There are 2 protein chains.
Amino acid sequence: MVSFGDVKAAHDRIRKAIIETPVMTSLTANQLANCSIFFKCENFQRIGAFKFRGAFNALSQLSTEEKARGVITHSSGNHGQAVALAAKMLGIKATVVMPKNSSQAKIAATKGYGATVVFCEPTVLVREETTQELIESHKYILVHPYDDPKIIAGAGTAAFELINEVGTLDVVLAPVGGGGLISGTAITTKGLCPSAKVFAVEPEQANDAYRSFKSGKLYPSINPNTIADGLRTSLSELTFSIIQQHVDDIITVSEDEILEAMRFLWERMKLVVEPSGAVPLAGLLKIKRQVSNQRVGIILSGGNVDISRIFDHWHKEITK
Amino acid sequence: MVSFGDVKAAHDRIRKAIIETPVMTSLTANQLANCSIFFKCENFQRIGAFKFRGAFNALSQLSTEEKARGVITHSSGNHGQAVALAAKMLGIKATVVMPKNSSQAKIAATKGYGATVVFCEPTVLVREETTQELIESHKYILVHPYDDPKIIAGAGTAAFELINEVGTLDVVLAPVGGGGLISGTAITTKGLCPSAKVFAVEPEQANDAYRSFKSGKLYPSINPNTIADGLRTSLSELTFSIIQQHVDDIITVSEDEILEAMRFLWERMKLVVEPSGAVPLAGLLKIKRQVSNQRVGIILSGGNVDISRIFDHWHKEITK
């Protein structure tokens, strides 16, 4: 498993490599939810998401021999960029397997951090097979996006900084996809504020964690259809067991609720946050009667979202 | 005129009402411009722009008799909201004259801060006449958006906080429209770092300040056609004379350059910044050879921009 001590050790290990992201507050948000909210802004983290914390924590603990072999991961999103950048900073060769229909921006960013990108057909099965073949032929070290105690401990350092900065909290919310962030967040929160409640928030359209939590049996995510692209993955045995032990409840939110929370963050708080990052605020607004006048921490997990459409529109405006 | 002492006094006066906005840095931005940039994020200021500083500074100095009469301004943008909120916080009745084609979001925000909105035909002449009539019939106090030493001193408090936080700077850049922000910024910068250079940055499509500065003769802005809607106004005699005395040069930037800088701020730095707020970064990128390895301050003036289009698109995506 993963302990609170692992999170503290991870923070000591990665603190010089990460950005200690700001905590933001908003009177308007506090009025809306009738509580005091502290937003930990991981959209300002390196590569634009909390994922860098876990990737750097895992890669920096590889042995010299493992570092020489190089690392591999499969990801269409933030984890691939996080592994690419952490590897670059540590002088390790990285390979990222990406679905061939990934956006040009994501491919460019991953390559920009110096990783070798290998394209495959856009199915989970092919992605895993391609990765496995490369591991067998090149002896690469696999860096899993969440099913790894070092990744989970790294993810927990965001809540660690948040609570160290603002003091005791009554409630902490984080999104749940594969479960790495919520696991690290829950372990850290219970370590620093034992009486605080920890809520995971999940899209209704990808509610495998909710169903697993309520039934006590691990369900996979089947054809999740949510705008929160970072939360389409399934829990692992490891993250499920941590969630069962440390998370108080799982709240599900609709696509409309996600978009409404995201719009609030952009329009009122001036924060570019990706849909997955807006999910915990959507969850908080749903349970606001339960948390009135409490001190609430929210992990804004990332800000990587395609803004081409609005800039293409503005570009047309200035050239017409 | 306005002195550095006026800015310090303004900061003492308004410090409990304003947000001391964060200063952000970005390794990617530093690499791009080959210098160390400190962004003063006034998009996180109350009402989403630096304008609140001047409005609160001016309104808080009204006499009891003036406060009882109430204040008025004409504005289609940030200044109207700033006056409305400052008036609400100080218990003063505020009237804002707005063009009847103002966006619903701006009208709602201004009313939301408790101001009475009076609509008029969308021309500068009618706006001024309508305001004048209301002043004559109601004895309201006019709060000009920039042609006022108290507004200028308040605007200067952003640079005051920036330099106090990060230390001596070699260069400071701010956008120029009516000239209130650049005037306050220049007075403050020369007061705290006498050897620093201050550059005003202006859209080519609204280059009245540039032409005035270069010719020594005050030109008005005629039919400015720029996406940077906060910078379409003309200098006043007061702001022009401060600029002539304290600003080292004026840089003009194209519409493409503004949009490119704005996209960088959104995509890489995760900051929702309005076009006017991106103008100084566009200017810096234009003169980067001149500032290599220097310490550069940038005032990101605001973040109020209509994001309906991209959210309407996402809303269609989730409902299809």
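This text gives an overview of the structure that appears in the document. These numbers come from a predicted model, not from an experiment.

Calculation rules
- Residues numbered from 1 in each chain as written.
- Chains lettered and ligands numbered in written order.
- Predicted model: local features only at pLDDT ≥ 70, side-chain atom pairs only at ≥ 80, totals over all residues.
- Heavy atoms only, no water.
- Helix = DSSP H or I, 4+ residues; strand = E, 2+ residues; numbered from the N terminus.
- Rg over C-alpha atoms; globule rule 2.2 N^0.38 Å.
- Buried < 20%, exposed > 50% of the residue type's maximum accessible area, 1.4 Å probe, protein only.
- Contact = heavy atoms within 4.5 Å.
- Patch = residues over 30% accessible without salt bridge, like charges linked within 9 Å, V, L, I, M, F, W, Y side chains within 5 Å.
- Areas by Shrake-Rupley, 256 points an atom, 1.4 Å probe, with all protein chains shown as cover.
- Salt bridge = Lys/Arg side-chain N within 4 Å of Asp/Glu carboxyl O.
- Lys, Arg positive; Asp, Glu negative; His and termini not counted.
- Charge placed at Lys NZ, Arg CZ, Asp CG, Glu CD.
- Phe/Tyr/Trp six-rings, centres within 6.5 Å; stacked < 30°, edge-to-face > 60°.
- Lys NZ or Arg CZ within 6 Å of the ring centre and 35° of its normal.
- Least-squares fit on C-alpha atoms with pLDDT ≥ 70 in both.
- Pairing = 2+ DSSP bridges.

## Examining the overall build of chain A
Then, in step 1: In terms of helices and strands, chain A carries 14 helices and 10 strands.
Then, in step 2: Taken over the C-alpha trace, chain A has a radius of gyration of 19 Å; the compact-globule value for 320 residues is 20 Å, and the two agree within 12%.
Then, in step 3: Principal-axis analysis of the C-alpha atoms gives chain A an extent of 60 × 55 × 40 Å.
Then, in step 4: Counting only residues that meet the buried cut, chain A has 60% of its 320 residues in that class.
Then, in step 5: Of all intrachain contacts in chain A linking residues separated by at least 6 positions in sequence, the fraction that spans at least 24 positions is 72%.

## Thoughts on a negative patch on the surface
Then, in step 1: Taken together, the side chains of Glu128(A), Glu129(A), Glu133(A) and Glu136(A) present a region of like negative charge at the surface.
Then, in step 2: Taking relative accessible area as the criterion, Glu133(A) reaches 53% and is therefore assigned exposed.

## Details of the packing of aromatic side chains
Then, in step 1: Evaluated as defined, the whole model comprises 11 aromatic pairs over all chains.
Then, in step 2: Centre to centre, the rings of Trp266(A) and Trp314(B) are 5.6 Å apart; their planes meet at 80°, and the pair counts as edge-to-face. Taken together, the residues span two chains, with Trp266(A) in helix 12 (residues 255-267) and Trp314(B) in helix 14 (residues 308-319).
Then, in step 3: By relative accessible area, which is 0% here, Trp266(A) ends up buried.
Then, in step 4: For Trp314(B), a relative accessible area of 9% corresponds to the buried category.
Then, in step 5: Residues Phe52(B) and Phe56(B) carry aromatic rings whose centres are separated by 5.7 Å and whose planes lie at 45° to one another, so their mutual orientation is tilted. In this pair, Phe52(B) and Phe56(B) both sit in helix 3 (residues 51-59), 4 residues apart, roughly one turn of the helix.
Then, in step 6: Among the residues examined, Phe52(B) registers a relative accessible area of 0% and is labelled buried.
Then, in step 7: Look at Phe56(B) and you get buried, because its relative accessible area is 8%.
Then, in step 8: In textbook terms, an aromatic cluster arises when at least three aromatic residues are bridged by ring pairs, as seen for Trp266(A), Phe311(A), Trp314(A), Trp266(B), Phe311(B) and Trp314(B).
Then, in step 9: Here Arg211(A) stacks its cationic end above the ring of Tyr219(A), 4.6 Å away from the centre of that ring.

## Focus: the relation of the copies chain B and chain A
Then, in step 1: When chain B is fitted onto chain A, the two copies agree to an RMSD of 0.0 Å after a turn of 180° and an axial shift of 0.0 Å. With respect to symmetry, the two chain copies, as superposed, fit the operation of a two-fold axis.
Then, in step 2: A shared binding surface is used by both copies, with 100% of the interface residues of chain B retained as interface residues in chain A.

## Thoughts on the sheet that holds strand 10 (residues 295-300) of chain B
Residues and elements named next belong to chain B.
Then, in step 1: Read from one edge of the open sheet, 6 strands run 1-2-10-7-8-9, paired in mixed fashion. With one partner strand each, in any of the chains shown, strand 1 (23-24) and strand 9 (249-253) form the two edges of the open sheet.
Then, in step 2: Here strand 8 (residues 197-203) runs beside strand 9; their pairing, made up of 5 bridges, is parallel. If you follow Val 201 over to strand 9, its bridge partner there is Ile 251.

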